[in-house]
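Descriptive structure summary
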Amino acid sequence: MRIAFTVNGRLHELEIEPGEYLLEVLRRIGYKSVRRSCGSASCGTCTVLLNGKPILSCSTFAASIDGQNIETVEGMADGDKLHPIQEAILEEGAAQCGYCIPGVVMTGEALLRENPDPTDENIRLALNGNLCRCTGYEPQNRAIKKAAEVRRGETDE
Amino acid sequence: MSKHFITVGRPEKKVDGLALVRGKPVYTPDYDAPDALVVKLLRSPHAHAQIKSIDTGLAEAIHDVVGIFTYQDVERVPYTRAGQGYPEPSPYDTYLLDRKVRYVGDVVAVVAARNEKAAREAVKNIKVEYEILDPVFDMREASNEGAPVIHDEDDCSGVFDKSRNIAAHFVMDIGDVEKTLESCDFVLRKTYHVDTQLHAALEPHNALTYFDSVGRLIVVSSTQVPFHCRRILSHILKKPIADIRVIKPRIGGGFGGKQSIIVEPYAALVTIKTGMPARIVYGREEVSMGTNIRHEMSFDVAVGATNEGKIRAISLQGISNTGAYGEHCLTTFMVAGSKTLPLYNKVDAVHFGGDIVYTNLPPAGAYRGYGAPQGLFPLDCAIDELAHEMKMDPLKFKEMNSIREGETSPIFEIMGEGREGVPQIMRSCKLQECIDLGKKSIDWDSKRGKKTRNGTKVRGVGCALAMQGSGIPKIDMGAATIKMNEDGSFNLLVGATDLGTGSDTILGQIAAEVLTVPLDKIVVYSSDTDLTPFDVGAYASSTTYVSGNAVRLAAEKVKEKVLDLAAEYLEKDRSELTLESGVIRGKDGSSVSLSELCTMHMYTFNQQQICESASYVGEESPPPFAASFAEVEVDTDTGKITLINYVSYADCGLALNPIQAMGQLEGASMQGIGWALYEDIIYAKNGRMLTNDFFTYKVPSRMDYGKLTCGLVDSYEPTGPFGAKSIGEIGIDTPIPAIANAIFDATGIRLRHAPFKSERVLFEILNMEV
């Protein structure tokens, strides 16, 4: 079947198998930041935004996103200028192996769009579905908090 | 620590960080290979069976299936999957494909197809007839008379006693423990048991293999040990080492789980048999049950002390479960003693020993901590129990008896990894500082023994002290090559393997520090057996210390070379020259920059490539130390345990990159917290792992802990590169004992079987009430 959808604002029109998952389709067209870890909607690694809301692409049928808008971490930086969450992740040492990071950035971004000034509790709750086996979460939680401050213009970038 | 450095000791951003946060294609599965065959494995549904027949006819007839390989298609070569120093102290008890299967998940056949669907279809259509054998799952029954023999094959080697399923055995005595215990005023004897754990690295095990234009086998793999991988592949596949290249790109977590050679041989087999590129990616269930898990261990522990509070004797007699195969079996068991017992070095007698046995469960292997957490649980908790019997503050008791700077322990010399160790004196040990800071942070004195109650909920605190090592002395070798470019930048080539730990970054910092240039002038390239010098790989907390020292030595050689060449060019005496901020200066104001010097030597003057290599093998393995504290709340109605606060302070020498070092401590602590409270493996009656995904195997999430406070104390290890020692593993040693001790402080219940499920606490509470 043929579907059309945008990824980071760019229109893609392509042929897919009806049973294909969004994760595979996104990887096939070059969005390699979208990665498989559990394959069963239980780790958050493959998170992308669908019309601004975080979804798990490993268990979302590609067919269901026909005509809709997807955002991935490839679209977060503005040219060479990193998104505040990406920058804060580097500063806080919140990426070790980095495998969970695209999912963390996208879930974090969805949170900050909805709640520009989240508490620690808000951050933990919003990102609870994003497993990280390396960092012990603390540097990532700090990074989201810091990015929120930057986004609100309270801290120099 | 009045050392002033330019680049080391600073929280430099990871050199690979930009690619990671931008989601660049950097992991093995991101490497496009459109014509790569999809490799899938047929796994045994039986825990112990002999294959009577395999019929692949139906499967081979499926469109797009290219090949199916069974034990009949491969040469029988015994090997060990353990990626460790050669010759390995692990038994050669593994075969790429065998007629016998030894656990549910053991590989029966390798399928190669042009697409995923055909490969899956083929796996389903292979008909196998098994002769089912009796299995043994309980490690305590594995050596019993009449137990089924798991490795009855003639050609395995290095197994301690095949007929009794004993893969390895170790015993060590200093003094006469039983006699010494008899003469102690207080003696405590208990049995402690710790279950296995899954690594649960987010990137599944995977590899891509292909022949390059001259027919060499290229292996791109998510591995912690590229050089061991090349050597073992050469052994199994009977291919010269010169014809194999292993490349490790970024890897999505390892924790020891990728320190065995697991997936690479299957993909390589397909490439060799078909001539085509091949890719294998394990599904999450396969990662859980078809790779390595942690060694389950049980110890009978005895500790004896005098009335004055001096620990005089320690005995640990244990058993370890290596599962179906013996990779890392002896060494992990030895580490349970060698990296815990020296902590309490004032004893008169020590005993450590036991068997490592085969069972029909998934093979155990390397896992962060490598046996030390399994040994520390009985040791620390028994000391804690004894302190309570003696009516002493357990922290005070541990503090009084633990090792300090300038001291040693005979165990360092007696126990190494798979063989004897090396004698060493603690040149840096800031354990007291760790204790003092942690004690203050958790508010030990006002919280301990108070059993603060709020309704049905009661709180308590516990502590644990730990040590680890920094590489395996006289075994682990790392090497580095540094080559200079005409803009004054340097290529740093290292065999060391960055698993996400940040080792590429800190090794770059070391080179930058010596060469007096900013970190961005060091271009780090690592873990490619064609292009980088040898390194044993990322394990045993070795990279910072061993590989780091190699980088320091290589950089110093480059610096010497540069000064020699500058002396010649400037026509000055070599001793007059200094290198600072990338410029060589003479006393008279004459100068030449690194960039000018290199450009000249490349194109016009005394032409040569400035390039040096160095290797390093540790003479010692300076231990990092840690003091950790847990505060828990137990609901006495339900048994629910809540971790309120976890505090861990560590002495890792000088932290070359404090943010990355701290990340190791925080991450290892969380992994240990998961093991202590949430991560529980359950097997079906037939030995199949039921908890093989993230729904059933509970990796801690952001809501599963209260506060996590970690810190590094000021320290300097004189033998380390710029004062550094290791930090990668130690954090995982303490959560289990610290949390167990806290649960006791809160409830009076001693949990001697980890993980500490709330059900277990509730049962104990109910027992107490009866």
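Bear in mind that the values here come from a model prediction, so they are computed numbers and not experimental data. (Residues numbered from 1 in each chain as written. Chains lettered and ligands numbered in written order. Predicted model: local features only at pLDDT ≥ 70, side-chain atom pairs only at ≥ 80, totals over all residues.)

Within chain B, the regular secondary structure consists of 19 helices and 28 strands. In terms of C-alpha radius of gyration, chain B reaches 27 Å, essentially the compact-globule figure of 27 Å for 770 residues. Each principal axis of the C-alpha atoms in chain B carries an extent, and together these give about 90 × 70 × 50 Å. Classification of the 770 residues of chain B by burial places 61% in the buried group. Expressed as a percentage of contacts within chain B between residues at least 6 apart in sequence, the contacts between residues at least 24 apart total 80%. (Helix = DSSP H or I, 4+ residues; strand = E, 2+ residues; numbered from the N terminus. Rg over C-alpha atoms; globule rule 2.2 N^0.38 Å. Buried ≥ 20, exposed ≤ 12 C-beta atoms within 10 Å, placed from the backbone. Contact = placed C-beta atoms within 7 Å.)

On to the overall build of chain A. What chain A contains, in helices and strands, is five helices and five strands. Of the regular secondary structure in chain A, the N- to C-terminal order runs β-β-α-β-β-β-α-α-α-α. In terms of overall size, chain A behaves like a compact globule, its C-alpha atoms giving a radius of gyration of 15 Å where 157 residues would be expected to give roughly 15 Å. Overall, the C-alpha framework of chain A stretches about 45 × 30 × 25 Å when taken along its three principal axes. Taking all contacts inside chain A whose residues are at least 6 apart in sequence as the whole, residues at least 24 apart take part in 62%.

Once that is clear, we can look at helix 5 (residues 226-237) of chain B. Residues and elements named next belong to chain B. Along its 12 residues, helix 5 runs 16 Å from first to last C-alpha, staying within 8% of the 16 Å computed at 1.5 Å per residue. Burial analysis of helix 5 places nine of its 12 residues in the buried class, the great majority of the element. Those residues of helix 5 that fall on the buried side of the exposure criterion are Pro226, Phe227, His228, Cys229, Arg230, Ile232, Leu233, Ile236 and Leu237. Looking at the packing, one finds that the buried side of helix 5 touches strand 10 (217-221), strand 11 (244-247) and helix 6 (264-274). At the exit of helix 5 stands lysine 238, carrying a positive phi of roughly 55°. (Expected span 1.5 Å × (residues − 1).)

A few words on the interface of chain A and chain B. Where interface size is given, it is often the accessible area lost as the parts come together that is meant. Each side of the interface is counted separately: chain A has 41 residues, and chain B has 41 residues. At the level of elements, helix 2 (84-92), helix 3 (101-114), helix 4 (120-126) and helix 5 (138-151) of chain A are the ones that each hand at least two residues to the side of chain A that touches chain B. Looking at the side of chain A that touches chain B, the element that brings in the most residues is helix 2 of chain A, giving four residues.

On to the sheet that holds strand 24 (residues 611-617) of chain B. Sheet strands pair via backbone hydrogen bonds, and the direction of the pair is either parallel or antiparallel. All names here are of chain B. Strand order across the open sheet formed by four strands is 20-19-18-24, with mixed pairing between neighbours. The open sheet has two edge strands, strand 20 (522-526) and strand 24, and neither has a second partner. The mean inter-strand angle of the sheet, taken between neighbouring strand axes irrespective of direction, is 20°. The strands touched by helix 15 (residues 543-570) within the sheet are strand 18 (477-484), strand 19 (490-494) and strand 24, with strand 24 carrying the most contacts at an inclination of about 145°. (Pairing = 2+ DSSP bridges. Axes fitted to C-alpha atoms, helices over the stretch in contact; angles between N-to-C directions.)

On to the sheet that holds strand 5 (residues 69-71) of chain A, then. Residues and elements named next belong to chain A. Strands sit in the order 2-1-5-3-4 across an open sheet of five strands; the sheet is mixed. Edge strands, defined here as strands with exactly one partner in the open sheet, are strand 2 (10-15) and strand 4 (53-56). Here the strands of the sheet are splayed against their neighbours by 40° on average, with no regard to which way each runs. Both strand 1 (residues 2-7) and strand 5 contribute to a ladder of two bridges, which runs parallel. Note on strand 5: the bridge partner recorded for valine 7 is isoleucine 70. Against the sheet, helix 3 engages strand 3 (47-50), strand 4 and strand 5, with an angle of about 35° to strand 3.

This brings us to the confidence of the model for chain B. When pLDDT is averaged along chain B, the result is 97; 99% of the residues meet or exceed 70. Across the predicted assembly, pTM comes out at 0.98 and ipTM at 0.98. (pLDDT = per-residue confidence, 0-100.)

All names here are of chain A. When its domains are assigned, chain A resolves into domain 1 (2-74) and domain 2 (84-151). Put simply, the middle of domain 1 and the middle of domain 2, counted by C-alpha atoms, are 21 Å apart. Contact residues are listed per partner, giving 17 residues for domain 1 and 12 residues for domain 2. When contributions to the side of domain 1 that touches domain 2 are tallied by element, the ones reaching two or more residues are strand 3 and strand 4. The dominant element in the side of domain 1 that touches domain 2, judged by the number of residues it contributes, is strand 3, at three residues. Here the side of domain 1 that touches domain 2 is built from residues that sort into seven nonpolar, seven polar and three charged. (Domains from an automatic or database assignment. Nonpolar A, V, L, I, M, F, W, Y, C, P; charged D, E, K, R; others polar.)

If you want to describe how two helices pack, look at the angle between their axes and the distance between the axes. Residues and elements named next belong to chain B. Across the interface, helix 5 lies against helix 6 with an axial gap of 11 Å and an inter-helix angle of 50°. Relative to helix 6, the element helix 5 lies oblique. Remark: the crossing between helix 5 and helix 6 carries right-handed chirality. Between helix 5 and helix 6, the residues in contact are Cys229, Leu233, Ile236 and Leu237 and Glu264, Pro265, Ala268 and Ile272, respectively. In terms of residue class, the contact of helix 5 with helix 6 is made up of seven nonpolar, no polar and one charged. (Parallel < 35°, antiparallel > 145°, perpendicular 65-115°, else oblique. Left-handed = near helix turned anticlockwise from the far one by under 90°.)

Residue and element names in this part refer to chain B. Membership of the largest hydrophobic core comes to 302 residues, with the highest contact counts inside it found for Val39, Val110, Val111, Leu492, Ala511, Ile739 and Ile743. The leading source of residues in this core is helix 15, at 11 residues. Setting aside its immediate chain neighbours within four residues, isoleucine 743 contacts Gly460, Val632, Val634, Ile641, Ile749, Leu751, Phe756 and Val761. (Core = buried A, V, L, I, M, F, W, Y, C linked by C-beta atoms within 7 Å.)

Residues and elements named next belong to chain B. A cis geometry characterises the amide bond from tyrosine 86 onward to proline 87, with omega recorded as -5°. By secondary structure assignment, the location of proline 87 is in the loop between strand 3 (65-69) and strand 4 (100-101). A cis amide bond links alanine 754 to the next residue, proline 755, at an omega of 0°. Along the chain, the position of proline 755 falls in the loop between strand 28 (753-754) and helix 19 (758-769). Its identity as a non-glycine residue notwithstanding, aspartate 64 has a phi of 80°, on the positive side.

All names here are of chain B. Its location among the elements puts lysine 457 in strand 17 (residues 457-467). C-beta crowding within 10 Å serves as the criterion here: with 16 such atoms nearby, lysine 457 is assigned to the partly exposed category. When sequence neighbours within four positions are dropped, the list of residues in contact with lysine 457 reads Glu633, Val634 and Asp635.

A few words now on the packing of helix 14 (residues 503-515) of chain B against helix 15 of chain B. Residue and element names in this part refer to chain B. With their axes 9 Å apart at the nearest point, helix 14 and helix 15 run at an angle of 30° to one another. Between helix 14 and helix 15, the angle falls in the class roughly parallel. Seen along the crossing, helix 14 lies across helix 15 with a hand that is right-handed. Across from Ser503, Ile506, Leu507, Ile510, Ala511, Val514 and Leu515 in helix 14, the residues of helix 15 making contact are Thr543, Thr544, Ser547, Gly548, Val551, Arg552, Ala555, Glu556, Val558 and Lys559. Residue composition of the contact of helix 14 with helix 15, by class: nine nonpolar, five polar and three charged.

Residue and element names in this part refer to chain B. As far as domains go, chain B holds domain 1 (17-25 + 477-617), domain 2 (31-133 + 202-253 + 258-289) and domain 3 (296-472 + 620-769). Distance from the C-alpha centre of domain 2 to the C-alpha centre of domain 3: 36 Å. Opposite the 23 residues of domain 2 that make contact, domain 3 presents 24 residues.

It is worth spelling out the pairing of strand 3 of chain A at this point. Residue and element names in this part refer to chain A. Covered by surrounding structure in strand 3 are Thr47 and Leu49 together with Val48 and Leu50, the residues of both alternating faces. The antiparallel pairing of strand 3 with strand 4 creates a hairpin that spans two residues between the two strands, and asparagine 51 there sits at a positive phi of about 50°. In this structure, strand 3 lies alongside strand 5, joined through two bridges in antiparallel fashion. Counted as the bridge partner of leucine 50 is isoleucine 70 from strand 5.

Residue and element names in this part refer to chain B. Mapping aspartate 476 onto the fold places it in the loop between strand 17 and strand 18. In this structure aspartate 476 comes out as buried when scored by C-beta crowding, with 27 C-beta atoms within 10 Å. In this structure the C-alpha to C-alpha distance between aspartate 476 and glycine 421, which are 55 residues apart in sequence, comes to 13 Å. Apart from residues no more than four positions distant in its own chain, aspartate 476 is found in contact with Gly85, Gly471, Val536, Ala540, Ser542, Val546, Val617 and Gly618.

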